[in-house]
Protein chains: 2
Amino acid sequence: MTDLSRLSLNTATAKLQTLAECVEAAAEAGLGAVGPWRDRVQEVGAAEAGRIIRDAGLRTSSLCRGGFLTAVGEQATAEALADNRRALEEAAAIGAGELVMVVGGLPEGDRDIVAARQRVADGIAALVPHAQDAGVRLALEPMNPIFAADRGVLSTLEQSLEMAAPFPAEAVGVVVDTYHVWWDPKLQEMIARAGAEGRISSYQVCDWELPLKEDTLNSRGYMGDGHCDFTSTTQWVRDAGYTGDIEVEIFNVGIWEQGAPTIVATMAQRYADLVLPHL
Amino acid sequence: MTDLSRLSLNTATAKLQTLAECVEAAAEAGLGAVGPWRDRVQEVGAAEAGRIIRDAGLRTSSLCRGGFLTAVGEQATAEALADNRRALEEAAAIGAGELVMVVGGLPEGDRDIVAARQRVADGIAALVPHAQDAGVRLALEPMNPIFAADRGVLSTLEQSLEMAAPFPAEAVGVVVDTYHVWWDPKLQEMIARAGAEGRISSYQVCDWELPLKEDTLNSRGYMGDGHCDFTSTTQWVRDAGYTGDIEVEIFNVGIWEQGAPTIVATMAQRYADLVLPHL
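Positions within a chain are numbered from 1, following the residues in the order the chain's sequence is written. Lettering of chains starts at A and numbering of ligands starts at 1, both following the order in which they are written. Only residues with pLDDT of at least 70 get local features here, since the model is predicted, and only at 80 or more are side-chain atom pairs given and counted; chain-wide, interface and lining totals rely on the full set of residues. Computation of side-chain values: all heavy atoms of the structure, hydrogens and water removed.

**Some details on the interface of chain B and chain A**
- Taken together, the contacts link 32 residues of chain B with 32 residues of chain A.
- Any Lys or Arg side-chain nitrogen located within 4 Å of an Asp or Glu carboxyl oxygen qualifies as a salt bridge. Between the two partners, chain B and chain A, sit two salt bridges.
- The partner of B:Glu158 in a salt bridge is A:Lys186, and the shortest N-O contact between them spans 3.2 Å.
- Pairs of N or O atoms are called polar contacts if they sit within 3.5 Å, as long as, within protein, a hydrogen donor faces a hydrogen acceptor (for residues adjacent in sequence, only side-chain-to-side-chain pairs). At the junction of chain B and chain A, the tally comes to eight residue pairs in polar contact (both at pLDDT 80 or more). We call two residues in contact when some of their heavy atoms are within 4.5 Å.

Set out below in structure tokens:
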């Protein structure tokens, strides 16, 4: 029987289901973990969410998401930091050791991406002590440059590692998400560096499928349906010493409509075919 | 009067017009150059195309495009190299010192982007002697990663400079196109490096506008309509010692329908407002 113990269902992949439904589908299929989003945690409360996951015998691979640290001004900054502190508390409550950070895009009308990135760095510095108190790592997620303007000004693993460098590896890590980094000319080198530094917080898999859908945010595909090289990337992540969970996080309206059991069955098959052999 | 002597109309910006119409619109507006695509050159022949441009008193800032070097197999490779040699001859005939190289994406069903990039490097090596004979530079264009799978596996200036490094700066340069590189965390550093190496072949400007259109290839905007920082980028290009033409290359169906005179007037105004003050 295929070993799915390192496979994790990110709840955004089955976005129309509750946390309990996601957990049930994951547990029945033999997955080892789930990676919930905050909306699914908050609708039952963090304590109850943690209980649901633990009672099913699953781990929590990560909590999505903190971040959005690019706003300008004292009040907006304070609100963003406060929300991230709450996210750290929720992560701790559900047993997630990693808080995935989608750092935010450019504020309306603002074109100074260098300054926006500095605000992210400042925000991370402010959050590190809280992360350490909570025992939760801030997992910086470089995003595909298609999202640089409106979602995440962190664009490469190298940049994320540079931003993490001033802080202990236990406090700030990086996410390797194939959808976001598959094109990076320095991917192998930077995965190796992230591993050597002990900073790989999460390995997330889904595919870059063309043509992009009109709603480019929700244009991701199952592994194998697009252009990502899961063989090489998985080997690089393995060779970097990563032994954690592999999360499947797919934003795709058509996939959501399939429902959690079908989604989990499909992603498990693709994982077994394309990822697991190279772990 | 605004000095438009360094401004160049790339014919893809007025894609519905002939070369002669583009040249007329550019000359009447006081631009210093045009950057034709090969289709517009070939429909009149390279010798005639060169005459049209020279007779209007314009320079040829570049020829678009060579490249597409990622095909697999002896025959496909030989055909690609032969086509690039023809492009070099056309460039020389129209007085273009730079041949913009869109290097090609992944072949159908092929996910090995590392190998595809190596084929590009091999192709460039094979073309360098021909470029030197023609007195035309191969201008490597890193493309926004949104196009990595289907159009260009060169994704960053750093990667392009590494690929250019084995060859003389007179033979292989790089293109700085804001649409493609605006998000790059190492943009300032790599523009400076490209300048220090004497490898800036072209500075192209157009904007990253959201939401992307359904046809993502033709989703670019006039400078000022999107998220690119023309102030910083232009200053970095200036500080890198670039004194060549600034090409406007916009793929956008709605803009094409405006016709060359309106397009040239609009791009000239945006250039005057957003780019020229920082040159």
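**A few points about the environment of B:Ala126**
All names here are of chain B.
- Secondary structure elements follow DSSP: runs of H or I of four or more residues count as helices, runs of E of two or more count as strands, with numbering from the N terminus. Examined against the element boundaries, Ala-126 turns out to sit in helix H5 (residues 113–134).
- Between buried and exposed lies partly exposed: a residue is buried under 20% and exposed over 50% of the maximum accessible area for its type, with that area taken using a 1.4 Å probe on protein chains only. Residue Ala-126 is classed as partly exposed on the basis of its relative accessible area of 35%.
- Placed 72 residues apart in sequence, Ala-126 and Arg-54 show a C-alpha to C-alpha distance of 31 Å.

**Quick look at the side chain of B:Arg40**
Residues and elements named next belong to chain B.
- If you trace the backbone, Arg-40 turns up in helix H2 (residues 38–42).
- On the basis of relative accessibility, which here comes to 15%, the residue Arg-40 falls in the buried class.
- Here the side chain of Arg-40 touches Lys-15 through a polar contact of 2.8 Å, landing on its backbone oxygen.
- Once residues within four sequence positions are removed from consideration, Arg-40 is found in contact with Thr-11, Lys-15, Leu-16, Gln-17, Thr-18 and Leu-19.

**Remarks on helix H5 (residues 113–134) of chain A**
Residues and elements named next belong to chain A.
- A helix is expected to span 1.5 Å for every residue after the first. With 22 residues, H5 extends 30 Å between its outermost C-alpha atoms, agreeing within 8% with the 32 Å of an ideal straight helix rising 1.5 Å per residue.
- Along its length, H5 reaches its greatest deviation from straightness, about 40°, at Leu-127, and the proline Pro-129 lies no more than four positions downstream.
- Residues Ile-113, Ala-116, Arg-117, Arg-119, Val-120, Gly-123, Ile-124, Leu-127, Val-128 and Ala-131 constitute the buried set of H5.
- Looking at the buried residues of H5, the elements they touch are helix H4 (74–93), strand E5 (98–102), strand E6 (137–140), helix H6 (157–164) and strand E7 (172–177).
- For H5, the capping residue at the N-terminal end is Asp-112, with a side-chain oxygen 3.3 Å from the backbone nitrogen of Val-114.
- Just beyond H5, the residue with positive phi is Gly-135, at close to 70°. Bend is the name given here to the angle between axes fitted to two runs of seven residues, the run ending at a residue and the run starting at it.

**What about the relation of the copies chain B and chain A?**
- A residue counts toward the fit only if its pLDDT is at least 70 in both copies, and the copies are then superposed by least squares on the C-alpha atoms of those residues. Overlaying chain B on chain A yields an RMSD of 0.0 Å, the required transformation being a rotation through 180° with an accompanying axial translation of 0.0 Å. Both chain copies can therefore be described as sitting about a two-fold axis. Of every C-alpha in chain B, the one belonging to B:Glu214 sits nearest the axis of rotation, 2.3 Å from it.

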